[in-house]
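# A closer look at the structure
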Amino acid sequence: MASVRVAVRVRPMNRREKDLTAKCIIKMEATKTSITNLKLPEGIAGDTTRDRTKTFTYDYSYDSSDCKNSTFVSQEKVFKDLGTDVLKAAFEGYNACVFAYGQTGSGKSYTMMGNPGDAGLIPRICEGLFSRISDATRWDEASFRTEVSYLEIYNERVRDLLRRKSTQTYNLRVREHPKDGPYVEDLSKHLVQNYSDVEELMEAGNINRTTASTGMNDVSSRSHAIFTINFTQAKFDAEMPSETVSKIHLVDLAGSERADATGATGVRLKEGGNINKSLVTLGNVISALADMAQDGVNTNLKKKSVFVPYRDSVLTWLLKDSLGGNAKTIMIATVSPADVNYGETLSTLRYANRAKNIINKPTINEDCNVRLIRELRAEIARLKALLIQGNQIALLDSPTALSMEEKLHQNEARVRELTKEWTNKWNETQNILK
Ligand code: ADP
Ligand code: MG
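Residues numbered from 1 in each chain as written. Chains lettered and ligands numbered in written order. Predicted model: local features only at pLDDT ≥ 70, side-chain atom pairs only at ≥ 80, totals over all residues. Heavy atoms only, no water.

### With respect to the overall build of the chain
Assigned secondary structure in the chain consists of 13 helices and 18 strands. Going through the 434 residues of the chain one by one, you find that 48% of them count as buried. Counting only contacts in the chain whose residues sit at least 6 apart along the sequence, the fraction spanning at least 24 positions is 72%. Surface summary for the chain: the accessible area is close to 22,600 Å², and the carbon and sulfur share equals 51%. (Helix = DSSP H or I, 4+ residues; strand = E, 2+ residues; numbered from the N terminus. Buried < 20%, exposed > 50% of the residue type's maximum accessible area, 1.4 Å probe, protein only. Contact = heavy atoms within 4.5 Å. Areas by Shrake-Rupley, 256 points an atom, 1.4 Å probe, with all protein chains shown as cover.)

### What to know about the site of ligand 1
In the neighbourhood of ligand 1, 13 residues make up the surrounding shell, with Gly-105, Lys-108, Ser-109, Tyr-110 and Asn-115 lying closest. Here an oxygen atom of ligand 1 and a backbone polar atom of Tyr-110 are 2.7 Å apart. Between ligand 1 and Asn-115 there is a distance of 3.0 Å, counted from an oxygen atom to a side-chain nitrogen or oxygen. Coverage of ligand 1 by the protein amounts to 68% of the 550 Å² it exposes when considered alone. (Near = heavy atom within 4 Å. Polar contact = N/O pair within 3.5 Å; in protein donor to acceptor, adjacent residues only side chain to side chain.)

### A look at the sheet that holds strand S4 (residues 32–36)
Strand order in the open sheet made by the 3 strands is S3-S4-S5, with antiparallel pairing throughout. Edge strands, defined here as strands with exactly one partner in the open sheet, are strand S3 (26–29) and strand S5 (53–57). On average, each strand axis in the sheet is tilted by 20° relative to the strand beside it, whichever way the strands run. Sheet topology note: the S4/S5 ladder contains 5 bridges and is antiparallel. Looking across to S5, one finds that Ile-35 is bridged to Lys-54. (Pairing = 2+ DSSP bridges. Axes fitted to C-alpha atoms, helices over the stretch in contact; angles between N-to-C directions.)

### A word on the pairing of S3
Burial along S3 is one-sided: Ile-26 and Met-28 are buried, while Lys-27 and Glu-29, pointing the other way, are not. Two elements, S3 and S4, share 4 bridges in a ladder whose sense is antiparallel. Residue pairing across strands places Met-28 opposite Thr-33, the latter belonging to S4. Between S3 and S4, which pair antiparallel in sequence order, lie 2 residues; one of them, Ala-30, sits at a positive phi of approximately 50°.

### Here's the deal with a negative patch on the surface
Judged by side-chain charge, Glu-127, Glu-199, Glu-200 and Glu-203 come together as a negatively charged surface patch. For the negative patch, the element with the most residues is helix H6 (residues 195–215), which contributes 3 residues. Checked against the element boundaries, Glu-127 lands in helix H5 (residues 121–139). Glu-127 sits in the partly exposed class, given a relative accessible area of 43%. (Patch = residues over 30% accessible without salt bridge, like charges linked within 9 Å, V, L, I, M, F, W, Y side chains within 5 Å. Salt bridge = Lys/Arg side-chain N within 4 Å of Asp/Glu carboxyl O. Lys, Arg positive; Asp, Glu negative; His and termini not counted. Charge placed at Lys NZ, Arg CZ, Asp CG, Glu CD.)

### Focus: the packing of aromatic side chains
The final tally for this structure, using the stated rule, is 8 aromatic pairs. With 3.8 Å between their ring centres and 10° between their planes, Tyr-101 and Tyr-351 make a pair best called stacked. One end of the pair, Tyr-101, is in strand S7 (residues 96–101); the other, Tyr-351, is in helix H11 (residues 342–355), with 250 residues separating them in the sequence. Note on accessibility: Tyr-101 and Tyr-351 belong to one class, buried. On the basis of an interplanar angle of 90° and a centroid distance of 5.3 Å, the ring pair of Phe-236 and Trp-422 is categorised as edge-to-face. A residue pair is termed long-range when its members are at least 10 positions apart, and Phe-236 in strand S15 (residues 224–237) and Trp-422 in helix H13 (residues 399–433) qualify at 186 residues. In this structure, Lys-328 packs its charged tip against the face of Tyr-94, placed 4.3 Å from the ring centre. (Phe/Tyr/Trp six-rings, centres within 6.5 Å; stacked < 30°, edge-to-face > 60°. Lys NZ or Arg CZ within 6 Å of the ring centre and 35° of its normal.)

### Examining the side chain of Asp-367
Counting through the fold element by element, Asp-367 comes out in the loop between strand S18 (359–360) and helix H12 (368–392). Residue Asp-367 is classed as buried on the basis of its relative accessible area, which comes to 15%. Not counting the four nearest positions on each side in its chain, Asp-367 is found in contact with Glu-243, Trp-422 and Lys-425.

### Details of the side chain of Glu-243
Relative to the elements of secondary structure, Glu-243 occurs in strand S16 (residues 240–252). By relative accessible area, which is 5% here, Glu-243 ends up buried. A polar atom in the side chain of Glu-243 sits 3.1 Å from the side chain of Lys-425. Looking at Glu-243, its side chain comes within polar contact range of the side chain of Trp-426, at 3.0 Å. Here Glu-243 is in contact with Thr-232, Gln-233, Ala-234, Asn-365, Glu-366, Asp-367, Val-370, Trp-422, Lys-425 and Trp-426, once residues within four sequence places are set aside.

### Some thoughts on H5
With 19 residues, H5 should cover 27 Å at 1.5 Å per step; its first-to-last C-alpha distance of 27 Å lies within 8% of that length. Considered for burial, the residues of H5 that qualify are Leu-121, Ile-122, Pro-123, Arg-124, Ile-125, Cys-126, Gly-128, Leu-129, Phe-130, Ile-133 and Ala-136. (Expected span 1.5 Å × (residues − 1).)

### Re the pattern of salt bridges
Taken as a whole and judged by the stated rule, the model has 23 salt bridges. Salt-bridge contacts for Lys-384 lead to Glu-412; the nearest nitrogen and oxygen are separated by 3.4 Å. Placement of the pair is Lys-384 in helix H12 and Glu-412 in helix H13, with a sequence separation of 28 residues.

### Quick look at H11
Between its first and last C-alpha, H11 extends 20 Å over 14 residues, near the 20 Å set by a 1.5 Å rise per residue. Burial in H11 covers these residues: Tyr-342, Thr-345, Leu-346, Thr-348, Leu-349, Tyr-351, Ala-352 and Ala-355.

### A few points about the UniProt feature "binding site: ATP" (unreviewed entry) in the chain
The positions UniProt marks with the feature "binding site: ATP" (unreviewed entry) are Gly-102, Gln-103, Thr-104, Gly-105, Ser-106, Gly-107, Lys-108 and Ser-109. Tracing the chain through its elements places Gln-103 in the loop between S7 and helix H4 (108–112). What makes Gln-103 buried here is its relative accessible area of 13%. Those residues within four positions of Gln-103 in sequence are excluded, and the remaining contacts are Lys-108, Gly-255, Ser-256, Glu-257, Thr-334, Ser-336, Asn-341, Glu-344, Thr-345 and Thr-348. You can see Gly-107 is positioned in the loop between S7 and H4. (UniProt positions renumbered as here; feature names shortened; annotations may be inferred.)

### Quick notes on the environment of Val-415
In this structure, Val-415 sits in helix H13. In this structure, the C-alpha to C-alpha distance between Val-415 and Ile-380, residues 35 residues apart in sequence, is 9.6 Å. Beyond its immediate stretch of four places on either side in the chain, Val-415 contacts Ile-373, Leu-376, Arg-377 and Ile-380.

Listed below in structure tokens is the structure:
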């Protein structure tokens, strides 16, 4: 069991806000973030003053508003706190997920992708992954397989951002695998062997994303981008084969101003009431999961069966496991510091506050053959112990002991066979990678 971890990050004032001589209304202190409503009068005792400034506590409150501040939080610091946890999870065989949530222009893409020379979480995580891989391969016999894919969800349709030919790339089907869950049919997966392989794909995908947005009225603020790393690790651990798979989703969400079905902003009216179904559903899923966790806390209350509407949108369906399921999940809520964005910022802070309550159940994703080998070996050890016991009380020639010995030999043969198959499979993979 692990709570979703939540970070809030405030960016510097942008040109527009400076031109409007906007005031800074966000204050951060340790893990606390406060927002002040400048429209309410200052200094009156009682309820009004309490309302004027609202304070929230998160796992992290990142002040990136002014690089001259001593408390300034850089891309490097965000990676050190959050990115290294993602890497740790990946190497332990857990799924991991990072969401960036916030209004358009608040710093989601900056935090996830970053700018040239000022890399964000995704490139840093990929770089870190390969630097750890090269450390591990230098010291022991571990083998790795890394694949990436990159997609965009726009108007509930899925587009592959890594297909060279752009025809027929919108509208990929989302299907469900009986064991592995929801997936995108025909989504391209790219085997990568070093960071520059990833960099190339990332750049191609980002260009693909922006090209579409110039043609189609700001697609990037209305679309969700999901960068996925499939990471498999195989090694012998005290002569036991071990193989784990970790899926890492790094998600740059659509601008949160599209999440509100009721607040008819100018932008929304222009879109003809076309609200972002995936973003609205994400909000509903988070609320349902947060309610469920609260029920868990109040154990004396009768447990409601809360319905979680994962299937209502493409985003939530694809990321089902990362939301209240088998993953270590992080949400980064990005906000503007300016008073002119008070409403959107407050709603982002509240949203992030709700997400804190979600509890996930991450488990290590172990290869099923490897698990079988481990179980058989445990059984062999048990049988051996029983036979030794039997020996001591001179039962060795009894029919039970004989059948036990037979079983033991069968199991040993099966383990040898499975281990050989598994080793061959990995040798083949390594030959392909070479
Ligand atoms: P979003 O993806 O949420 O729409 P962006 O990440 O594109 O927003 O950010 C909008 C602009 O603000 C970009 O020019 C970006 O470089 C800049 N920006 C955002 N966050 C920061 C930050 N923490 N430090 C410096 N510049 C930032
Ligand atoms: Mg963006």
